[in-house]
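Below, each chain spelled out in residue letters.
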Amino acid sequence: MKRYEGLFILSTAGKEESIKDALDKISAEITAAGGKVETIQKMEKKNFARVAHNKNTSGFYANVIFSGAPGLVATLRTKLALNSEVFRVLFTEAPEPKPAK
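The following paragraphs examine the structure supplied in this document. These figures come from a predicted structure and were not determined experimentally. (Residues numbered from 1 in each chain as written. Predicted model: local features only at pLDDT ≥ 70, side-chain atom pairs only at ≥ 80, totals over all residues. Heavy atoms only, no water.)

The strand order across the open sheet formed by four strands is β2-β3-β1-β4, and the pairing between neighbours is antiparallel. Of all the strands in the sheet, the pair left with one neighbour each is β2 (36–47) and β4 (86–93). Pairs of neighbouring strands in the sheet enclose a mean axial angle of 15°, with direction left out of account. The sheet strands contacting helix α1 (residues 19–32) are β1 (2–11), β2, β3 (58–68) and β4, and the helix crosses β2 at an angle near 145°. Lying over the sheet, helix α2 (residues 72–81) contacts β1, β3 and β4, oriented at roughly 175° with respect to β4. (Pairing = 2+ DSSP bridges. Helix = DSSP H or I, 4+ residues; strand = E, 2+ residues; numbered from the N terminus. Axes fitted to C-alpha atoms, helices over the stretch in contact; angles between N-to-C directions. Contact = heavy atoms within 4.5 Å.)

As structure tokens, then:
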């Protein structure tokens, strides 16, 4: 099992109250694909420096740390590409947590 970190930019066009629902759907997708969600860190809404689409001028950022099999990331990319609430996503390998001293 590898440990991954996913940085999600969620589309907030007129529906900022549904961010929790979107994060619940993302964690359900991770669990359904065989992963285990460790933490979800909600960040703030940020305006984009360069606007890619006229309807998306800002996004809500969230960081999700999860673990799973090496093929999990490819499966998640495919499934999350169909989710209209996910504007962008970046997956990286997360380092193991350091033990507390």
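This part takes up the packing of aromatic side chains. To describe a pair of aromatic rings, you give the distance between the ring centres and the angle between the ring planes. Counted according to the given criterion, the structure contains four aromatic pairs. When the ring of F48 is compared with that of F87, the centres are 5.5 Å apart and the planes differ by 20°; the resulting orientation is stacked. Pair noted here: F48 is in the loop between β2 and β3 and F87 is in strand β4, with a separation of 39 residues, a long-range link. F87 gets classed as buried once you look at its relative accessible area, which sits at 17%. Put simply, the rings of Y4, F8, F66 and F91 touch in pairs and so form one group of aromatic residues. The ring of Y61 is capped by K46, whose NZ or CZ atom sits 5.4 Å from the centre of that ring. Here the basic side chain of R88 rests over the ring of F87, its NZ or CZ set 4.7 Å away from the ring centre. (Phe/Tyr/Trp six-rings, centres within 6.5 Å; stacked < 30°, edge-to-face > 60°. Buried < 20%, exposed > 50% of the residue type's maximum accessible area, 1.4 Å probe, protein only. Lys NZ or Arg CZ within 6 Å of the ring centre and 35° of its normal.)

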